[in-house]
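One letter stands for each residue in the lines below.
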Amino acid sequence: MGDTDSVIPLPAPGPDGSRQPPAGTPGPWEGADRAQAAREGASGPEPPEPPVCPQCGLTGDRRPTYTGRHVLLEPRLTVPAHLVPGGHRWHVDGDGTAWNGGLEEPAPGATCRIPHQLACPGLTLDEVQPWRWLTAVRAHNASAAWRGAGEDGFLGGLPDTG
């Protein structure tokens, strides 16, 4: 007869059970992928656009990412990973797909690539925010200091300096 291990998909019950979503409809995971791509700086121009930075006009090394987006890497530049802020350490697999090393401490002697936006002359570091994690820690500490402050917004007293 036939292959007994094959699965025959059945339409869901109801009037729309056999309808497929229109082509180009975002999947439920795509919002999370876009958010991850934005956090990681995977903001290169998507094909068929040329791999040119919209802020400065320089050409970068555009690589696809595992989130389905593209990142514009600084061309011909490999940097010791410990010198690059966490979240900006990019690695390129053998097939050319780029992935972000995240916030984890890099292995000794590891190298990485940096996104063009980190070195872009058209952006300030305030716009790029390479140390977002430090900004979050500072905001948390400011909140903790404010909660620990007295009624007037100041800590209880100055330390005795002798």
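A quick note: this is a predicted structure, and the numbers were derived from the prediction, not measured.

**Considerations on the overall build of the protein chain**
Item 1. Along its length, the protein chain carries 4 helices and 6 strands.
Item 2. Going from N to C terminus, the protein chain has its helices and strands arranged as α-β-β-β-β-β-β-α-α-α.
Item 3. By residue count, 27% of the 162 residues in the protein chain fall in the buried class.
Item 4. Nonlocal contacts in the protein chain, meaning residues at least 24 apart in sequence, comprise 57% of its contacts between residues at least 6 apart.
Item 5. Split by element, the accessible area of the protein chain, about 11700 Å² in all, is 57% carbon and sulfur.

**Regarding the environment of Arg-69**
Item 1. For Arg-69, the position within the fold is in the loop between strand 1 (61-64) and strand 2 (70-73).
Item 2. Judged by its relative accessible area of 29%, Arg-69 falls in the partly exposed class.
Item 3. When the C-alpha atoms of Arg-69 and Ala-38 are compared, they prove to be 9.5 Å apart, with 31 residues separating the residues in sequence.

**A short note on the pairing of strand 2**
Item 1. Alternating positions in strand 2 separate into two faces, His-70 and Leu-72 on one and Val-71 and Leu-73 on the other, with burial throughout.
Item 2. Sheet topology places strand 1 next to strand 2; 4 bridges connect them, and they run antiparallel. What sits directly across from Asp-61, in strand 2, is Leu-73.
Item 3. The antiparallel pairing of strand 1 with strand 2 creates a hairpin that spans 5 residues between the two strands, and Gly-68 there sits at a positive phi of about 90°.

**A look at the nonpolar core**
Item 1. With 7 residues, the main nonpolar core is built from Val-79, Ala-81, Val-84, Cys-112, Ile-114, Leu-118 and Val-128.
Item 2. Excluding anything up to four places from it in sequence, Cys-112 contacts Leu-77, Thr-78, Val-79, Ala-81, Val-84, Arg-89, Trp-90 and His-91.
Item 3. In this structure, Ala-37, Ala-42, Val-71 and Trp-90 belong to the second largest nonpolar core, which totals 6 residues.

**Remarks on the confidence of the model for the protein chain**
Item 1. Looking at the protein chain, pLDDT values average 77 and 67% of them are 70 or higher.
Item 2. Put simply, helix 1 (residues 30-40) is where the protein chain has its lowest mean pLDDT, 66, and strand 6 (residues 111-112) is where it has its highest, 95.

**Considerations on the environment of Ala-42**
Item 1. For Ala-42, the position within the fold is in the loop between helix 1 and strand 1.
Item 2. Sequence separation between Ala-42 and Thr-67 is 25 residues, and the spatial gap between their C-alpha atoms is 8.9 Å.
Item 3. Those residues within four positions of Ala-42 in sequence are excluded, and the remaining contacts are Ala-37, Thr-65, Arg-69, His-70, Val-71 and Trp-90.

**Here we look at the environment of Tyr-66**
Item 1. Inspection of the secondary structure puts Tyr-66 in the loop between strand 1 and strand 2.
Item 2. Sequence separation between Tyr-66 and Asn-100 is 34 residues, and the spatial gap between their C-alpha atoms is 9.5 Å.
Item 3. Engagement of the side chain of Tyr-66 in a polar contact is seen with the side chain of Asp-93, the distance being 2.4 Å.

**Some words on the pattern of salt bridges**
Item 1. Tallied over the entire structure, the rule returns 2 salt bridges.
Item 2. As a salt-bridge pair, Arg-63 and Asp-61 come within 3.2 Å of each other at their nearest N and O atoms.
Item 3. The shortest N-O distance in the salt bridge between Arg-113 and Asp-61 comes to 2.8 Å. On the criterion of sequence distance, the pair formed by Arg-113 in the loop between strand 6 and helix 2 (116-119) and Asp-61 in strand 1 is long-range, its members being 52 residues apart.

**Here's the deal with the side chain of Asp-61**
Item 1. For Asp-61, the side chain forms a polar contact with the side chain of Arg-63, separated by 3.2 Å.
Item 2. Apart from the residues within four sequence positions on either side, Asp-61 is in contact with Val-71, Leu-72, Leu-73, Pro-75 and Arg-113.

**Let's talk about the side chain of His-88**
Item 1. Mapped onto the elements of the fold, His-88 is located in the loop between strand 3 (79-80) and strand 4 (90-92).
Item 2. According to the relative accessible area criterion, His-88 is buried, its value standing at 2%.
Item 3. His-88 has contacts with Asn-100, Arg-113, Ile-114, Pro-115, Gln-117, Leu-118, Val-128, Gln-129, Pro-130 and Arg-132, leaving out every residue within four places of it along the chain.

Definitions and limits used
Residues numbered from 1 in each chain as written. Predicted model: local features only at pLDDT ≥ 70, side-chain atom pairs only at ≥ 80, totals over all residues. Heavy atoms only, no water. Helix = DSSP H or I, 4+ residues; strand = E, 2+ residues; numbered from the N terminus. Buried < 20%, exposed > 50% of the residue type's maximum accessible area, 1.4 Å probe, protein only. Contact = heavy atoms within 4.5 Å. Areas by Shrake-Rupley, 256 points an atom, 1.4 Å probe, with all protein chains shown as cover. Pairing = 2+ DSSP bridges. Core = buried A, V, L, I, M, F, W, Y, C linked by side-chain atoms within 4.5 Å. pLDDT = per-residue confidence, 0-100. Polar contact = N/O pair within 3.5 Å; in protein donor to acceptor, adjacent residues only side chain to side chain. Salt bridge = Lys/Arg side-chain N within 4 Å of Asp/Glu carboxyl O.

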